[in-house]
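Here is what each chain is made of, one letter per residue.
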Amino acid sequence: MSFTFKWPRFSDQFHADAIQMLESALNKGNKPPVIADKIEVVELEMGTQPPELEIRDIGELTMDQFRGIFRLTYSGDAHIVLRTKVQVRLVDLSPYARSVSERHTGQSLEPQTA
């Protein structure tokens, strides 16, 4: 069994609520040490094409509860843009990285002595 979704143009209120929920979920718990700030949702676009939802198995079905196995497939044009700050520490540059940097900047990465 599968469903066909009507995929409307979502309201501004929907986008605001979805952004708030996403930011809350993305900032909950521990983040990797390279993430140095909160994660912000800069842009959320739901796209113009709906997802495909297939019911694979229906387990328990009562008036108050529904349990099943679903398959959700999406191949549309929705997208999300996130922003955060990262902390990067360069420990050592290989000879290859040094030569590439010098070629592009014209400056040596070797320490300068007076």
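This text follows the structure it describes.
Across its full length, the protein carries two helices and five strands. By residue count, 11% of the 114 residues in the protein fall in the buried class. Counting contacts in the protein only where the partners sit at least 6 residues apart, residues at least 24 apart contribute 59% of the total. Carbon and sulfur atoms form 54% of the exposed surface of the protein, whose accessible area is close to 9,800 Å².

Positionally, Glu45 belongs in strand β2 (residues 40-45). Separated by 3.2 Å, the side chain of Glu45 and the backbone nitrogen of Gly47 make a polar contact.

Here the structure, examined in full by the defined rule, presents three aromatic pairs. Taken together, a centroid distance of 5.8 Å and an interplanar angle of 50 degrees make the contact between Phe66 and Phe70 tilted. For Phe66, a relative accessible area of 41% translates into the label partly exposed. Phe70 gets classed as partly exposed once you look at its relative accessible area, which sits at 39%. In this structure an aromatic cluster arises from ring pairing among Trp7, Phe10 and Phe14.

With five residues, the main nonpolar core is built from Phe10, Ala18, Val41, Leu44 and Met46. Sequence-distant contacts of Leu44, that is, excluding residues within four places in its chain, are made with His15, Ala18, Ile19, Leu22, His79 and Ile80.

What follows concerns the environment of Leu53. In this fold, Leu53 is placed in strand β3 (residues 52-61). Between the C-alpha atoms of Leu53 and Leu72, which are 19 residues apart in sequence, the distance is 4.6 Å.

The next point concerns the side chain of His15. In this fold, His15 is placed in helix α1 (residues 12-26). In this structure His15 touches Phe10, Leu44 and Met46, once residues within four positions along its chain are discounted.

Each value, and the rule that gives it
Residues numbered from 1 in each chain as written. Predicted model: local features only at pLDDT ≥ 70, side-chain atom pairs only at ≥ 80, totals over all residues. Heavy atoms only, no water. Helix = DSSP H or I, 4+ residues; strand = E, 2+ residues; numbered from the N terminus. Buried < 20%, exposed > 50% of the residue type's maximum accessible area, 1.4 Å probe, protein only. Contact = heavy atoms within 4.5 Å. Areas by Shrake-Rupley, 256 points an atom, 1.4 Å probe, with all protein chains shown as cover. Polar contact = N/O pair within 3.5 Å; in protein donor to acceptor, adjacent residues only side chain to side chain. Phe/Tyr/Trp six-rings, centres within 6.5 Å; stacked < 30°, edge-to-face > 60°. Core = buried A, V, L, I, M, F, W, Y, C linked by side-chain atoms within 4.5 Å.

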